[in-house]
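Spelled out, the chains give:
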Amino acid sequence: MENKQQFKKVVLAYSGGLDTSVIIPWLKENYGCEVIAVAADVGQGKELTGLEEKAIKTGASKLYIADIVDEFVNDYVFPTLKAGAKYEGYLLGTAFARPIIAKRIVEIAKKEGADAIAHGCTGKGNDQVRFELAIKAYAPDMPVIAPWRTWELKSREDEIEYAAKHDVPLSISSETNYSKDMNLWHLSHEGLDLEDPANEPNFDKILELGVSPEKAPDKPTYITLTFEKGIPVALDGEKLSGTELIEKLNKLGGENGIGILDLVENRLVGMKCRGVYETPGGEILYFAHSKLEELCLDKETSHYKELVACKYAELVYNGQWYTPLMTALNAFVDSTQETVTGEVKLKLYKGNIIAAGTTSPYSLYSEDIATFGEDHSYNQMDSQGFITLFGLPIKVRAQVQEKLGLL
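Here goes a summary of the coordinates provided. (Residues numbered from 1 in each chain as written. Predicted model: local features only at pLDDT ≥ 70, side-chain atom pairs only at ≥ 80, totals over all residues. Heavy atoms only, no water.)

Take the sheet that holds strand β6 (residues 179-182) next. With antiparallel pairing, the 4 strands of this open sheet are ordered in space as β6-β7-β12-β11. What marks the edges here is a single partner per strand, and that holds for β6 and β11 (260-266). Direction aside, neighbouring strands of the sheet carry axes that sit 25 degrees apart on average. Sheet topology places strand β7 (residues 187-190) next to strand β12 (residues 272-278); 3 bridges connect them, and they run antiparallel. Looking at the pairing, Ser188 lines up with Tyr277 of β12. (Pairing = 2+ DSSP bridges. Helix = DSSP H or I, 4+ residues; strand = E, 2+ residues; numbered from the N terminus. Axes fitted to C-alpha atoms, helices over the stretch in contact; angles between N-to-C directions.)

With 76 residues, the main nonpolar core has Leu92, Leu225 and Leu285 as its most contacted residues. Apart from the residues within four sequence positions on either side, Leu225 is in contact with Ala234, Leu235, Leu245, Leu249, Ile284, Leu285, Ala288, Gly342, Glu343, Val344 and Leu346. Within the second largest apolar cluster, 30 residues are counted, among which are Val22, Ala37, Ile145 and Ala163. (Core = buried A, V, L, I, M, F, W, Y, C linked by side-chain atoms within 4.5 Å. Buried < 20%, exposed > 50% of the residue type's maximum accessible area, 1.4 Å probe, protein only. Contact = heavy atoms within 4.5 Å.)

Counting across every chain of the model gives 15 aromatic pairs. Here the aromatic rings of Tyr90 and Tyr317 are separated by 6.2 Å at their centres, their planes lie at 85 degrees, and the arrangement is edge-to-face. Remark: Tyr317 occurs in helix α10 (residues 299-317) and Tyr90 occurs in the loop between α3 (69-83) and α4 (97-112); sequence separation between them is 227 residues. Here Tyr90 matches Tyr317 in class, with each residue buried. Stacked on the ring of Tyr317, the Lys or Arg Arg130 has its end atom at 4.8 Å from the ring centre. (Phe/Tyr/Trp six-rings, centres within 6.5 Å; stacked < 30°, edge-to-face > 60°. Lys NZ or Arg CZ within 6 Å of the ring centre and 35° of its normal.)

Turning our attention to helix α5 (residues 127-138). The first and last C-alpha atoms of α5 sit 17 Å apart over 12 residues, in line with the 16 Å expected at 1.5 Å per residue. Burial in α5 covers these residues: Asp127, Gln128, Arg130, Phe131, Glu132, Ala134 and Ile135. Tucked inside the fold, the buried residues of α5 contact β1 (9-13), α4, β4 (116-118), β5 (144-145) and α10. (Expected span 1.5 Å × (residues − 1).)

Moving on: unusual backbone geometry. Its identity as a non-glycine residue notwithstanding, Lys229 has a phi of 50 degrees, on the positive side. Mapped onto the elements, Lys229 comes out in the loop between β8 (221-228) and β9 (231-235). In the Ramachandran plot, Lys350 falls in the positive-phi region, its phi being about 45 degrees despite a non-glycine side chain. With respect to the secondary-structure elements, Lys350 resides in the loop between β13 (342-349) and β14 (352-359).

Now for the packing of helix α1 (residues 18-31) against helix α6 (residues 156-165). The N-to-C vectors of α1 and α6 enclose an angle of 60 degrees; their axes lie 10 Å apart at closest approach. Here α6 runs oblique to α1, going by the angle between their axes. Crossing of α1 over α6 shows left-handed handedness. Facing Leu18, Asp19, Val22, Pro25, Trp26 and Glu29 of α1, the residues of α6 in contact are Arg156, Glu159, Ile160, Tyr162 and Ala163. (Parallel < 35°, antiparallel > 145°, perpendicular 65-115°, else oblique. Left-handed = near helix turned anticlockwise from the far one by under 90°.)

The subject of this paragraph is helix α14 (residues 392-403). In a regular helix each residue adds 1.5 Å, so 12 residues correspond to 16 Å; α14 covers 17 Å between its end C-alpha atoms and thus fits that length. Of the residues flanking the end of α14, it is Gly405, one or two places downstream, whose phi is positive at about 75 degrees.

Moving on to the pairing of β14. Where β13 and β14 come together, 6 bridges link them in antiparallel fashion. Across the sheet, the residue bridging to Lys347 is Ile354, located in β14. Count of turn residues in the β13/β14 antiparallel hairpin: 2 residues, of which Lys350 carries a positive phi of about 45 degrees.

A full pass over the atoms with the stated rule returns 0 disulfides. Counting only cysteine sulfurs, Cys121 is the nearest neighbor of Cys33, a cysteine outside any disulfide, at a range of 17 Å. (Disulfide = S-S within 2.5 Å.)

Considering the arrangement of structural elements, one finds Glu200 in the loop between β7 and α7 (203-206). The exposed category is assigned to Glu200, whose relative accessible area is 70%.

Scanning the entire structure with this criterion turns up 23 salt bridges. Where Arg156 meets Asp19, a salt bridge forms, and the shortest distance between an N and an O atom there is 3.7 Å. Separated by 137 residues along the polypeptide, Arg156 in helix α6 and Asp19 in helix α1 bring together distant segments of the chain. The exposure class of Arg156 is partly exposed, given its relative accessible area of 22%. When its relative accessible area of 15% is taken as the criterion, Asp19 is described as buried. When the shortest N-O distance is used, the salt bridge between Lys251 and Glu255 registers 2.6 Å. Of the two residues, Lys251 and Glu255 are both situated in helix α8 (residues 242-255); the distance of 4 residues between them amounts to about one turn of the helix. Assessed through its relative accessible area of 54%, Lys251 is described here as exposed. Using a relative accessible area of 36% as the deciding quantity, one classes Glu255 as partly exposed. (Salt bridge = Lys/Arg side-chain N within 4 Å of Asp/Glu carboxyl O.)

These results come straight from atomic positions and should not be treated as a statement about function.
See the structure below:
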């Protein structure tokens, strides 16, 4: 462990939650350093209210609130959407927020002449990797303080007790102490009763972005999304910024019980963990984008892109955003999206997203060829020669087996 007296000024990735609230007095107590808090606005809304007052009261000398919502959407969310990347079904809401947050924290740390950067990620989680890989990419020699890996506090209950002793204001208790992460794209819930996969989540208790499918309206909601080169640009004909569009889809999706995922996932650090994710707008966008690609991508590109999506998701999940491979994969994905333009109509109903019609000027679907009726574009006798050649390896192998008495 580093010498605790070597840092005079430390920049802390600050959310105002339990971990980072406790870390401010802990850093001052253990390092005797000035603490500058940095909160990144990635669309968590009301969580930023009163944050400056809280940070100062807790012991920080100042608080930066970095507005990076639009950059987050345009440079991190939408590239991942275009890739169709999911990690074990998870839409990567926390994962792709960490690199941009860490990047901005490094910029402020350099501006402030800080000696180190601190974060509140636990030693069991993925976020410690995501933060620190991004820090290495932009400040390779910057020391990082990760209290969860060194301090005497062993649980969130210990943190609550420490906070009480140091007059740290908290809005939670041991009974409401879910570990949450929120941004414009999603809200995650972990801990407490969710740690046992045998327990059914109490959606009435934990959901914040919407309702359970049972409580959604009995009447479906129809929407139409417009995409240009893989990027959603309009909802029901209204041109919107990426941020505005996700906000509206979160509301519509949440009201219809869309985007709730209960997942036991494989963490990068080796263990399995269970969490509940709310991603109403994201679930809608992924579904719509996929339906449009069905029309616009040829078979070989579509199938290969599925392989790329899997690797892309692993890079995002593992915090490897700022790597040469990610740059290369983004170039591939962008090339596939040149013709992913069109409109997708959807029906939202009690947790379900149902396709209700897709159109594109670049559609590769030909009704004239695909029809079961009479057509003049496709000679069905051509398939005979195709089957003969396509099945030739199978036929030859069977002939050999028959000759050897193996059939």
